[in-house]
Amino acid sequence: MQALTTRVKEVERKKLSFMEKLYLPAIFKGMFITFMHIFKKKPTINYPEKKRPFSPVFRGLHILNRDEEGRENCTACGLCAVACPAEAITMEAAERQIGEENLYREEKYAAKYEINMLRCIFCGLCEEACPKDAIYLSETFAPADYQRKQFVYSKEELLIPHPIEQPEAYKKALGNRSKKETANQ
Amino acid sequence: MRRNDAAIKINAGNKKIKMHLVLLNIDLALLIEKLVLIIIVVMASLGIAMYTTFAERKVAAILQDRRGPNRAGPFGLLQPLADGLKLFFKEEIIPNFSSKFLFILGPSLAMLTAIMTSAVIPWGNNVHFFGRDISLQIADVDVGILYVFGVVSLGVYGIMIGSWASNNKFSLMGGMRAASQIISYELAMGISLIALIMVTGNLSLKAMVVQQQAGAWNVFYQPLGFLIFLICAFAECNRTPFDLPEAENELIGGYHTEYSSMKLGFYLFSEYINMFVSSVIMSTLFFGGYDVLPFVDESKWGISENWMALIGVGALMAKVVFFLFVFMWVRWTIPRFRYDQLMRLGWKILIPLALANMLATGAIVLLKQNHWHF
């Protein structure tokens, strides 16, 4: 028969030898291979019980920072919102009243600060834009939820725990960021 | 005179009836003993089948470097319970155009025949309790192995009826495949067994085990016969590489495409019970049943008879577990046959091999009877 194209390639079909025709040696070989897999290390990690460590440059959920006395760093300057390429950040500024000096570090603060975690692309540009070291990305990621509105994180969810009132939680939320900063300096 | 005659006749009749009762040896204790044994065996085979599904998933996972089910209970041991519960709670669907009676009969028959086989299997030596000699076998039938064959070949009716009643072409194709496959492989299986029966000289499973306890295991006499039997057992259980009746990627679900809820569960379950039973039969026929070690006389160990029987049951179970593992091991190693390959293997390779094996065995047995003279 004439070939329809010029790219026909003749495949060599040699007959099976007697041992190959028996199939059993090949089957036993295959079974030996699968059997040896019993002793192989399993790459799976039992997730909720055991978590893989994140890289130190991991960018997860945002945290609004406080200083050592527990005052909020954020001054609602809006630079993070401007820097945000996904337009995930909205905020409203307010003026600090007398008697609130222990709450806010400077005269202006964010009365409302929201990040839409569905819009956020976790690029970390807000962290870079912030002149007050008020926002940074932690090493946890956004958990699943049932409703879209649950993903709009308000200030209460974003703020880091108070360093004096809840030192344990503060340390935990800080993560190995403190180490990172000392390394940078 | 006549009256006397009649009286004598009646007396003789009574005696006869009494004789029969004595011969049958039926009393209440025997009935209870058998009933308890039946309940234990059925429950055990159901339980083992349940955990075989779990073991299958675990073995599959381990052979593929995965972890397998480990969430339900410690090490995932409650997984089969969760699976069973899920099957019970699923919606029961009977297709509009199916024949309802046959549709329900199919899985029931599959389950029934799967469980029935275990009746003639000797699970262990006799035990002594309450001054009675209790046999760990439900029925020591003289034609034991023939009974097993009869029941096993009935099993295909469950699949065929169910698949035909579903009124679905994929189901029907699966059923047809199952029927032709099981018929093809039953031939080779039967012929390989004839060779074995030539060696042992009887059909009773109990007698075969006793024979193997005294001498060597049958696998040493019939290695080829065992290989053929093993391959055919895979085919009879519809296990990979012979799982064409339920080939998911060709036939959706094969014969159980239309089934749901516990009726599907029955089909899947009967497959695992069949696996268990065929493992038991393979260990009984070829690996000495409840014999602990080959070439060793266990009666010299000086262990009391009851304990020895228990050890025997343990030995049988160990062999069964090994064979169940082999079933799974093969499933996760060898891919499925093509249909023509399956038929060629059955008819052109296994049956001639089994025939040759039978002829050679017959010749050797005859020669041996003739003290190695022609």
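Residues numbered from 1 in each chain as written. Chains lettered and ligands numbered in written order. Predicted model: local features only at pLDDT ≥ 70, side-chain atom pairs only at ≥ 80, totals over all residues.

Okay, the overall build of chain B next. Broken down by element type, chain B carries 13 helices and two strands. In terms of overall dimensions, chain B has a C-alpha envelope of 80 × 60 × 45 Å along the principal axes. For chain B, the residues scored as buried account for 40% of the 374 residues in total. (Helix = DSSP H or I, 4+ residues; strand = E, 2+ residues; numbered from the N terminus. Buried ≥ 20, exposed ≤ 12 C-beta atoms within 10 Å, placed from the backbone.)

When helices and strands are tallied, chain A shows seven helices and five strands. Ordering the α and β elements of chain A from the N terminus gives α-α-β-α-β-β-α-β-β-α-α-α. Relative to the 2.2 N^0.38 estimate, which gives 16 Å for 185 residues, the radius of gyration of chain A is 29 Å and therefore markedly larger than a compact globule would have. Taking the principal axes of the C-alpha coordinates as reference, chain A spans close to 95 × 45 × 40 Å. Considering chain A as a whole, with its 185 residues, one finds that 15% of them fall into the buried category. Long-range contacts, defined as pairs at least 24 residues apart, comprise 72% of the intrachain contacts of chain A with a sequence gap of at least 6. (Rg over C-alpha atoms; globule rule 2.2 N^0.38 Å. Contact = placed C-beta atoms within 7 Å.)

On the chain A side, the residues contacting the 11 residues of chain B number 11 residues. For the side of chain B that touches chain A, the elements supplying multiple residues, two or more each, are helix H2 (28-63) and helix H12 (305-331) of chain B. Taken together, the residues of the side of chain B that touches chain A sort by class into six nonpolar, two polar and three charged. (Nonpolar A, V, L, I, M, F, W, Y, C, P; charged D, E, K, R; others polar.)

Here the focus is unusual backbone geometry. Excluding glycine, residues mostly carry a negative phi; peptide bonds, for their part, are mostly trans. The phi dihedral of Phe122(A) falls on the positive side, at around 55 degrees, and the residue is not glycine. Following the sequence through the fold, Phe122(A) ends up in the loop between strand S3 (108-116) and helix H4 (125-129). Although it is not a glycine, Asn238(B) adopts a positive phi angle of roughly 55 degrees. Within the fold, Asn238(B) resides in the loop between helix H9 (223-236) and helix H10 (248-251).

Judged by nonpolar contacts, the single largest core of 84 residues is most densely connected at Ala188(B), Phe229(B), Cys232(B), Ile273(B), Phe276(B), Met282(B) and Leu350(B). Among the elements that take part in this core, helix H11 (residues 261-286) of chain B stands out by supplying 13 residues, more than any other. Grouped together as the second largest cluster of nonpolar side chains are 20 residues, Cys74(A), Cys80(A), Cys120(A) and Cys126(A) included. (Core = buried A, V, L, I, M, F, W, Y, C linked by C-beta atoms within 7 Å.)

A word on the packing of helix H4 (residues 100-116) of chain B against H11(B). All names here are of chain B. Between H4 and H11, the shortest axis-to-axis distance is 8 Å and the interhelical angle comes to 20 degrees. What the angle tells us is that H4 and H11 run roughly parallel. Two packed elements cross with a definite hand, and for H4 against H11 that hand is left-handed. Where H4 approaches H11, its residues Pro 107, Ser 108, Ala 110, Met 111, Ala 114 and Ile 115 are matched on the opposing element by Lys 263, Phe 266, Tyr 267, Phe 269, Ser 270, Ile 273, Asn 274 and Val 277. The residue inventory of the contact of H4 with H11, partitioned by class, reads 10 nonpolar, three polar and one charged. (Axes fitted to C-alpha atoms, helices over the stretch in contact; angles between N-to-C directions. Parallel < 35°, antiparallel > 145°, perpendicular 65-115°, else oblique. Left-handed = near helix turned anticlockwise from the far one by under 90°.)

As judged from the seven bridges shared by strand S2 (residues 89-95) of chain A and S3(A), these two strands associate in the antiparallel manner. Paired with Ala94(A) across the two strands is Tyr109(A), which belongs to S3(A). (Pairing = 2+ DSSP bridges.)

In space, the three strands of this open sheet follow the order S2-S3-S5 (chain A), with antiparallel pairing throughout. At either margin of the open sheet sits one strand with a lone partner, and together these are S2 and strand S5 (152-153) of chain A.

In the predicted model, chain A carries a mean pLDDT of 83, and 93% of its residues have values of at least 70. Of all the helices and strands in chain A, helix H7 (residues 177-184) of chain A carries the lowest mean pLDDT, 53, while helix H3 (residues 79-83) of chain A carries the highest, 91. (pLDDT = per-residue confidence, 0-100.)

Here the focus is H2(B). All names here are of chain B. Here H2 is 36 residues long and its end C-alpha atoms lie 50 Å apart, about the 52 Å a rise of 1.5 Å per residue gives. When H2 is considered as a whole, its buried residues turn out to be Ser 45, Ile 48, Ala 49, Thr 52, Phe 54, Lys 58, Val 59 and Leu 63. Asp 65, located one to two residues past H2, shows a positive phi value of around 60 degrees. (Expected span 1.5 Å × (residues − 1).)

Attention shifts here to the environment of Phe89(B). Residues and elements named next belong to chain B. Along the chain, Phe 89 falls in helix H3 (residues 79-89). Overall, the presence of 9 C-beta atoms within 10 Å leaves Phe 89 in the exposed class. For the pair Phe 89 and Met 262, spaced 173 residues apart in sequence, the C-alpha separation works out to 8.4 Å.

Residue and element names in this part refer to chain B. Two elements in contact, H2 and H12, have axes whose closest approach is 10 Å; the angle formed by their N-to-C orientations is 50 degrees. On the basis of their axis angle, the class for H2 and H12 is oblique. Where H2 crosses over H12, the handedness of that crossing is right-handed. Contacts between H2 and H12 involve Thr 52, Ala 55, Glu 56, Val 59 and Ala 60 from the first element and Leu 324, Phe 325 and Met 328 from the second. Residue classes in the contact of H2 with H12 are distributed as six nonpolar, one polar and one charged.

The topology assignment puts Ser180(B) in helix H6 (residues 169-200). Along the primary structure Ser180(B) and Leu285(B) are separated by 105 residues, whereas in three dimensions their C-alpha atoms are 26 Å apart.

Residues and elements named next belong to chain B. Structurally, Ser 304 is set in the loop between H11 and H12. What makes Ser 304 exposed here is the crowd of 9 C-beta atoms within 10 Å. The spatial distance from the C-alpha of Ser 304 to the C-alpha of Ser 260 is 50 Å, given a sequence separation of 44 residues.

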